[in-house]
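# Structural description and commentary
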Amino acid sequence: MQVSISNISRLFLASLFFANTLIASALIAVRAQANADCENQFVRVSEQVESRFLYSHARAEGRAVYFEHLPAKRGKPTLFLLNGMFVPATDLKAFRDAFEQKSKGEGLLIMFYSTQLESLYLRGLLGDDPALNLKLRDGQSLTRADLATEAVAVLKASGAKGSIFPAGYSFGSGPVVEFASLMANQSSNQPLPGVRIKEVVLLSPFVHAGEQVPFGASNVESLMRLNPFLGEAAIQKMRAQSARTTAAASIDDFILKTGGLPDGVSRETAIQSVASQIMSVMDFDLRNVTGLSVPVRFVLAQNEATLRLVAQKDAMQAMKKTSDQPVELTIVPDVNHHLLAHQPEVGADALLTVLRGR
């Protein structure tokens, strides 16, 4: 059978249109806090309660990184939460308050990446243009390694000691495995004396960009690479366009629901910041993570979206096959993956149980 060049071109143009739609859908899935099933993304808590939380920031390669810290009592562990992609501090307040109320001396450290609204706002309070937080060396794109470096800076600045449980929440799975590897590789130099990484927690983790797409984004991109008129450059352009579209939707949702962005943070800066986070995980696949030198625990929601839950369990099984450390599973019943935002007391109970080794 003969196939004309024009027919092949039509086929690849059709695949390009399909791929662009598919990647956009996948990126929307990555945007964990903008899931269409969530009618109340942005939790508002008006009660004022006295708290022991400290509020500060770290510097990582010139970038300002905001964090909130409930110091652990002597001999007690600390949960170090590496945040989801677009999870404002207000969404975590109810969880934070529940954790503090239920804690028996356990600590909680929450970092907000340099590209998140809290850190952008902080950069403005420090007298700088918030957009400077998006400036990387030699104009390079944000990477998961950059976010891991920020995590090290936050942990050091917080002064937390003893047993640390780094927990990657949704999008945070990418940075947290980089952080664990970075800490292991630097352990001989003791960059953080008195700190021991006890267990990595993957909390409703993001697995890969196509986890909620039946055919998988990577398969469509493989097809595109066969086209000499498209190739890698076209894929990267498509990814960047889709990331920006998804980021703009996130920011506009936030503006609509909250009435505006923090003072000094422009819409364009906010969009660029979220898009950079999306791009940082486009090649990430938790199923391919190997060689972590510490125990790992998956904390999964029972009512997670089906395809995402399948991907999470696949990642856990793959990690079990390649790791010489324990890989454990905790299923939290009757909740979806917006655990910390929508059922904060359940989330606090589940994570404190992990810290207490039960």
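Residues numbered from 1 in each chain as written. Predicted model: local features only at pLDDT ≥ 70, side-chain atom pairs only at ≥ 80, totals over all residues. Heavy atoms only, no water.

### What to know about the side chain of Asp285
Summarising the element assignment, Asp285 is placed in the loop between α8 (267-280) and β8 (296-301). At a separation of 2.6 Å, a polar atom in the side chain of Asp285 contacts the side chain of Arg287. (Helix = DSSP H or I, 4+ residues; strand = E, 2+ residues; numbered from the N terminus. Polar contact = N/O pair within 3.5 Å; in protein donor to acceptor, adjacent residues only side chain to side chain.)

### Overview of a positive patch on the surface
A grouping of Arg52, Lys73, Lys76 and Lys104 is seen on the molecular surface, where their side chains present a positively charged patch. Inspection of the secondary structure assignment puts Lys76 in the loop between β2 (63-70) and β3 (78-82). Here Lys76 falls in the partly exposed class, since its relative accessible area comes to 33%. (Patch = residues over 30% accessible without salt bridge, like charges linked within 9 Å, V, L, I, M, F, W, Y side chains within 5 Å. Areas by Shrake-Rupley, 256 points an atom, 1.4 Å probe, with all protein chains shown as cover. Salt bridge = Lys/Arg side-chain N within 4 Å of Asp/Glu carboxyl O. Lys, Arg positive; Asp, Glu negative; His and termini not counted. Charge placed at Lys NZ, Arg CZ, Asp CG, Glu CD. Buried < 20%, exposed > 50% of the residue type's maximum accessible area, 1.4 Å probe, protein only.)

### Here we look at the nonpolar core
If you look at the biggest cluster of nonpolar residues, it comprises 66 residues, and the most contacted ones within it are Phe80, Leu155, Phe179, Leu202, Leu286, Phe298 and Met319. With seven residues, helix α4 (residues 144-158) is the single largest residue contributor to this core. Ignoring any residue separated from it by four or fewer positions in sequence, one finds Phe80 in contact with Leu109, Met111, Ala151, Val154, Leu155, Ile164, Phe165, Pro166, Ala167 and Phe179. Counting 33 residues, the second largest nonpolar core, distinct from the first, contains Phe99, Ala167, Leu339 and Leu340. (Core = buried A, V, L, I, M, F, W, Y, C linked by side-chain atoms within 4.5 Å. Contact = heavy atoms within 4.5 Å.)

### Here's the deal with the layout of surface pockets
When its volume is computed, the largest pocket comes out at roughly 500 Å³. Elements with a contribution of two residues or more to the lining of the largest pocket: α7 (231-258) and α8. Of all the elements, α8 adds the most residues to the lining of the largest pocket, at five residues. For the lining of the largest pocket, the per-class residue count stands at eight nonpolar, 11 polar and four charged. Considering only enclosed or pocket space, the second largest pocket measures out at about 300 Å³ in volume. Lining the second largest pocket are 15 residues, with Leu117, Glu118, Tyr121, Phe254 and Pro262 sitting closest to its centre. Residue assignment for the lining of the second largest pocket shows that the elements contributing at least two residues are β2, α2 (89-102), α3 (117-125) and α7. No other element matches the five residues that α3 contributes to the lining of the second largest pocket. Its residues assigned to classes, the lining of the second largest pocket shows 10 nonpolar, three polar and two charged. (1 Å grid on protein atoms, 1.4 Å probe; cavity = no way out; pocket = protein on both sides within 12 Å on 5 of 7 lines; lining within 4 Å. Points joined across faces, edges and corners; volume = space filled by probe spheres on them. Nonpolar A, V, L, I, M, F, W, Y, C, P; charged D, E, K, R; others polar.)

### Comments concerning the pattern of salt bridges
Taken as a whole, this structure holds 16 salt bridges when the rule is applied. Between Asp97 and Lys93 there is a salt bridge, with its nearest N and O atoms 2.7 Å apart. Here Asp97 pairs with Lys93, and both are found in helix α2, just four residues apart, close to one helical turn. One network of salt bridges, in which partners are shared, links Glu68, Lys93, Arg96 and Asp97.

### Points about the packing of α4 against helix α5 (residues 173-185)
Two elements in contact, α4 and α5, have axes separated by 8 Å at closest approach and are oriented at 65°. Along this stretch, α4 crosses α5, giving a crossing that reads as right-handed. Along its contact with α4, which presents Arg144, Ala145, Leu147, Ala148, Thr149, Ala151, Val152 and Leu155, the element α5 presents Gly174, Pro175, Glu178, Phe179, Leu182 and Met183. Looking at side-chain class alone, the contact of α4 with α5 contains 10 nonpolar, two polar and two charged residues. (Axes fitted to C-alpha atoms, helices over the stretch in contact; angles between N-to-C directions. Left-handed = near helix turned anticlockwise from the far one by under 90°.)

### Considerations on empty space enclosed by the protein
Under the criterion given, the structure shown has one cavity of 30 Å³ or more. Within this model, the largest cavity holds a volume of roughly 60 Å³. Surrounding the largest cavity, Met85, Phe86, Val87, Pro88, Thr115, Gln116, Leu117, Glu118, Ser273, Val274 and Gln277 form its lining. Counting only elements with at least two residues in the lining of the largest cavity, the list comes to α3 and α8.

### Focus on the packing of aromatic side chains
Following the criterion strictly, the structure yields six aromatic pairs and no others. For the ring pair Phe80 and Phe179, a centre distance of 5.6 Å and an interplane angle of 85° mean the geometry is edge-to-face. Residue Phe80 is located in strand β3, and its partner Phe179 is located in helix α5; the two are separated by 99 residues in the primary sequence. Assigned by exposure class, Phe80 and Phe179 land together as buried. An angle of 25° between the planes, with centres 6.1 Å apart, marks the rings of Phe206 and Phe284 as stacked. Here Phe284 lies in the loop between α8 and β8 and Phe206 lies in the loop between β7 (200-203) and α6 (217-225), a separation of 78 residues in the sequence. A relative accessible area of 0% means that Phe206 is categorised as buried. Owing to a relative accessible area of 6%, Phe284 belongs among the buried residues under this scheme. Across from the ring centre of Phe53, 4.5 Å away, lies the NZ or CZ of Arg96, which sits over that ring. (Phe/Tyr/Trp six-rings, centres within 6.5 Å; stacked < 30°, edge-to-face > 60°. Lys NZ or Arg CZ within 6 Å of the ring centre and 35° of its normal.)

Honestly, it's all geometry; don't read function into it.
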